[in-house]
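Structural characterization, general
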Amino acid sequence: ATTTMDKIVSLSKRRGFIFQSSEIYGGLNSCWDYGPLGVELKNNVKQAWRRKVIQERDDMVGLDASILMHPRVWEASGHVAGFTDPLVDCKVCKQRFRADHLEGDKCPACGGELTEARQFNLMFKTFMGPVEDNAAVVYLRPETAQGIFVNFNNVQTTTRMKLPFGIAQVGKSFRNEITPGNFTFRTREFEQMEIEYFVKPGTDEQYHKEWIDRRFQWYLDLGITKERLRLREHAADELAHYAKGCFDIEYYFPMGWSELEGIANRTDFDLKRHAEYSGQRIDYFDQEANEHYVPYVIEPSAGADRGTLAFLLDAYHEEPDKDEVRVVLKLHRALAPYKVAILPLSKKEPLVAVAKEIEQELRKYWMVDYDDSKAIGRRYRRQDEIGTPYCVTIDFQSLEDKAVTVRDRDTMEQERIPMAELSKYLWEKLAW
Ligand code: ATP
């Protein structure tokens with residue numbers, strides 16, 4: 001069964017994954033804060049991405065560009081002129097909607113008549129420096145990609161990468177969305193994980209296909225249910241102005257199939273435009289062919305927040321357990337906020353001392369939770385609900401046999417492990 005959004009919103013608040021922003025002031029529409037568990041989860045999503053697309057590859061490097069960029073960047077990229085959504089107002093209730101998200105031609109809230117659609121630019125504007133005039137306008141970036149394109153020469157000269165190679169970056173982007181919603185799915189401030197993979201023109205379609213397969217597999221490898229993931233090709237009239245082809249990886253969210261990641265063939269559009277607007281030479285010298293050309297670029301562009309939401313929804317399970325219901329987040333071990341929980345069976349001194357010592361040792365390697373409150377059953381439940389893959393209990397027997405019990409979240413099976421071997425045992429279990 002599909003997990004409802006309400007269940008995830010409520011679990012997120014109850015356990016500290018995601019809170020409404022500025023809640024004590026009544027909240028700010030569509031803005032969310034990642035709590036103690038959420039920040040670990042989202043960081044793990046980003047880390048799993050960086051590991052696969054940078055660390056494990058010899059043809060990829062990272063970048064962390066500034067959010068504020070020269071205003072000319074957004075003229076060159078086409079965002080000033082064309083980064084718009086069609087906006088309609090209801091003549092009766094005055095609500096606003098994105099025209100391309102409406103099904104009929106009436107207001108979905110009150111059935112009233114709608115105005116003609118007009119184009120609304122999604123970029124957030126602000127002013128740089130103390131003077132608030134047109135000359136000081138800067139934009140909060142609506143995508144991280146442009147930070148990569150404008151650094152193409154810098155990265156090339158400093159790394160001497162040969163085509164094909166890619167630059168990957170994670171960072172915040174901002175879009176003044178007309179209709180944000182569905183929890184963290186569509187917000188005005190969000191984080192993207194973007195790759196620009198530069199290739200020789202003519203080889204672009206082959207690399208486009210490779211990246212589609214690779215990125216699809218990434219979600220499956222991290223535990224997303226196969227039946228809830230699909231690939232959708234953009235129709236010609238849906239393609240962005242710069243794209244030759246685009247595929248979306250979609251997840252079956254509670255509101256239906258929706259985009260998780262887009263993988264576009266952006267051709268040489270961006271590099272050529274930046275060369276034109278900046279007056280700088282931006283190209284690649286192919287030593288083998290002894291020629292200069294402008295590379296094509298394949299862009300896998302994912303949302304860290306949307307990904308995190310999909311992983312949460314997909315991991316959520318309610319299972320019958322005796323007379324009760326066990327809520328368990330079956331998060332992949334790479335993503336789980338805490339990898340291990342240390343649970344001494346009693347608060348008595350000799351047990352606590354041993355438990356604390358184990359905790360300190362394991363904290364060197366992983367995020368570890370420690371809980372010595374209440375009945376052990378309740379403590380297991382709590383760890384299940386936040387997705388902790390392993391619980392380690394220390395009992396009075398442990399003082400004698402120098403061993404602990406390790407419980408597996410998914411199978412609930414328990415194994416007795418000598419304390420001296422615990423770290424090694426967990427290393428093997430948690431490797432991915
Ligand atoms: P949509 O059609 O949903 O508005 P898009 O096609 O404009 O999305 P892209 O420009 O392709 O999105 O952005 C790449 C990725 O960035 C998306 O797949 C998504 O994961 C993420 N993203 C884009 N806009 C938002 C947003 N408003 N909130 C959260 N994530 C977003």
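I will try to describe carefully the structure that is included in this document. (Residues numbered from 1 in each chain as written. Predicted model: local features only at pLDDT ≥ 70, side-chain atom pairs only at ≥ 80, totals over all residues. Heavy atoms only, no water.)

**A short note on the sheet that holds strand β4 (residues 84-89)**
- Ordered by their spatial adjacency, three strands build an open sheet running β5-β4-β6, and the pairing between neighbours is antiparallel. Where the open sheet ends on each side, the last strands, each with one partner, are β5 (96-98) and β6 (118-121). Strand-to-strand twist across the sheet, computed as the mean angle between neighbouring axes with direction ignored, equals 45 degrees.
- Of the pairings in the sheet, the one linking β4 to β5 comprises three bridges and is antiparallel in character. Its bridge partner being in β5, D89 is matched across the sheet by R96. (Pairing = 2+ DSSP bridges. Helix = DSSP H or I, 4+ residues; strand = E, 2+ residues; numbered from the N terminus. Axes fitted to C-alpha atoms, helices over the stretch in contact; angles between N-to-C directions.)

**Examining the pairing of strand β21 (residues 390-394)**
- Of all five residues in β21, five are buried; the element is thus mostly enclosed.
- Side-chain alternation along β21 places Y390, V392 and I394 on one buried face and C391 and T393 on a second face that is also buried.
- Across five bridges, strand β19 (residues 340-344) lies against β21 in parallel orientation. What sits directly across from A341, in β21, is C391.
- As paired strands, β21 and strand β22 (residues 403-408) are joined by four bridges and run antiparallel to one another. Its bridge partner being in β22, V392 is matched across the sheet by V406. (Buried < 20%, exposed > 50% of the residue type's maximum accessible area, 1.4 Å probe, protein only.)

**Things to note about the site of the ligand**
- The environment of the ligand is formed by 16 residues, the closest being E177, R186, T187, E259 and L260.
- Contact between the ligand and T187: a nitrogen atom at 2.8 Å from a main-chain N or O atom of the residue.
- Protein chains bury 82% of the 590 Å² of accessible surface belonging to the ligand in isolation.
- Contributions of two or more residues to the shell around the ligand are made by β10 (189-199), β13 (256-267) and β16 (296-303).
- Here the element with the most residues in the shell around the ligand is β13; it accounts for four residues.
- A class-by-class count of the residues in the shell around the ligand yields four nonpolar, five polar and seven charged. (Near = heavy atom within 4 Å. Polar contact = N/O pair within 3.5 Å; in protein donor to acceptor, adjacent residues only side chain to side chain. Areas by Shrake-Rupley, 256 points an atom, 1.4 Å probe, with all protein chains shown as cover. Nonpolar A, V, L, I, M, F, W, Y, C, P; charged D, E, K, R; others polar.)

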